[in-house]
Amino acid sequence: MKILVPVKRVIDYNVKARVKADGSGMELANVKMAMNPFDEIAVEEAVRLKEAGVASEIVAVSCGEAKCQEQLRQALALGADRALLVETTVELQPLAVAKLLKAIVDREAPRLVILGKQAIDDDANQTGQMLAALLDWPQATFASKVAVRGEEIEVTREIDGGLETLAMTLPAVVTTDLRLNEPRYATLPNIMKAKKKPLETLTPAELGVDVAPRLATLKVEEPPARKAGVKVASVAELVDKLRHEAKVIP
Ligand code: AMP
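So, a few notes on the structure that sits alongside this text.

Cut-offs applied
Residues numbered from 1 in each chain as written. Predicted model: local features only at pLDDT ≥ 70, side-chain atom pairs only at ≥ 80, totals over all residues. Heavy atoms only, no water. Pairing = 2+ DSSP bridges. Helix = DSSP H or I, 4+ residues; strand = E, 2+ residues; numbered from the N terminus. Axes fitted to C-alpha atoms, helices over the stretch in contact; angles between N-to-C directions. Contact = heavy atoms within 4.5 Å. Near = heavy atom within 4 Å. Polar contact = N/O pair within 3.5 Å; in protein donor to acceptor, adjacent residues only side chain to side chain. Nonpolar A, V, L, I, M, F, W, Y, C, P; charged D, E, K, R; others polar.

A short note on the sheet that holds strand β7 (residues 139–149)
Two pairing modes exist for strands in a sheet, parallel and antiparallel, and in both the strands are linked by backbone hydrogen bonds.
Okay, step 1: If you trace the nine strands from one edge of the open sheet to the other, you get β9-β8-β7-β10-β6-β1-β4-β5-β11, paired in mixed fashion. Single-partner strands in this sheet number two, and they are β9 (162–169) and β11 (199–202). Between one strand axis and the next, the sheet turns by 30° as a mean value, whatever way the strands run.
Okay, step 2: Contacts from helix α2 (residues 69–78) reach β4 (57–64), β5 (82–87) and β11, with the element oriented near 165° to β5.
Okay, step 3: In this fold helix α4 (residues 127–135) packs onto β6 (112–116), β7 and β10 (172–176), with an angle of close to 175° to the strand it touches most, β10.

And the structure:
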């Protein structure tokens, strides 16, 4: 079984993201970038399925600028077999990515696509769902456990107040939640090996996809700065403040 794993290049989650001075978007110049954390979990799950003899090939795909090759090489170092870069300098929105992924699925015919549940830059949480709709495949989002049995896949999801387990027939789309697994680190020998693994570059035009944005970002703002707290001298003072000064924030 072939698994397709889309990986997005985003601002590293350890970096304090800054808004551009003109409020038009996030500052990306000289900022450390990384693979979206939920996509690392997706790669890890695909690698575990390969190690378990369920998957035979893992193809990583990233859509965006040429530098996305760095994240694809990381996916290859973690265990993906080959990589595809859909190269464009257009700022891609989830629907455009879903259309590109649909075109890749039509070419590659994977039985399973594992995406992150959301990209930590746009927090859209849309691409997996849109891809499933475009493909007319079943989808299980926010997976915290995945088990493949023949042509069936069981996905456990964390929902309010408990766990829900869904069964789907392959081919299917799954999106990963935080507790699905703990991704491994790439070892140095695997980083070296990844440099020799195949990485093919395509363009949206070659895939016949129009990636023009449908939405315009009007403004991006920093959240308001928090006011400094105060130290109270005693429990009595704390109780007094809670009783007379504390406000319920709606
Ligand atoms: P989003 O819908 O933007 O929150 O992204 C959800 C998931 O879709 C991500 O975790 C990735 O697996 C995938 N994805 C989104 N954008 C891209 C991209 N430009 N290239 C590859 N995968 C992407």
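Thoughts on the site of the ligand
Okay, step 1: Lining the immediate environment of the ligand, one finds 18 residues, of which D39, C63, A119, N125 and T127 sit closest.
Okay, step 2: In this structure, A119 approaches the ligand through a main-chain N or O atom, which is 2.7 Å from an oxygen atom.
Okay, step 3: T127 has a polar side-chain atom sitting 2.7 Å from an oxygen atom of the ligand.
Okay, step 4: Here the shell around the ligand takes three residues from β4, the largest share from any one element.
Okay, step 5: When grouped by side-chain class, the residues that make up the shell around the ligand number eight nonpolar, seven polar and three charged.

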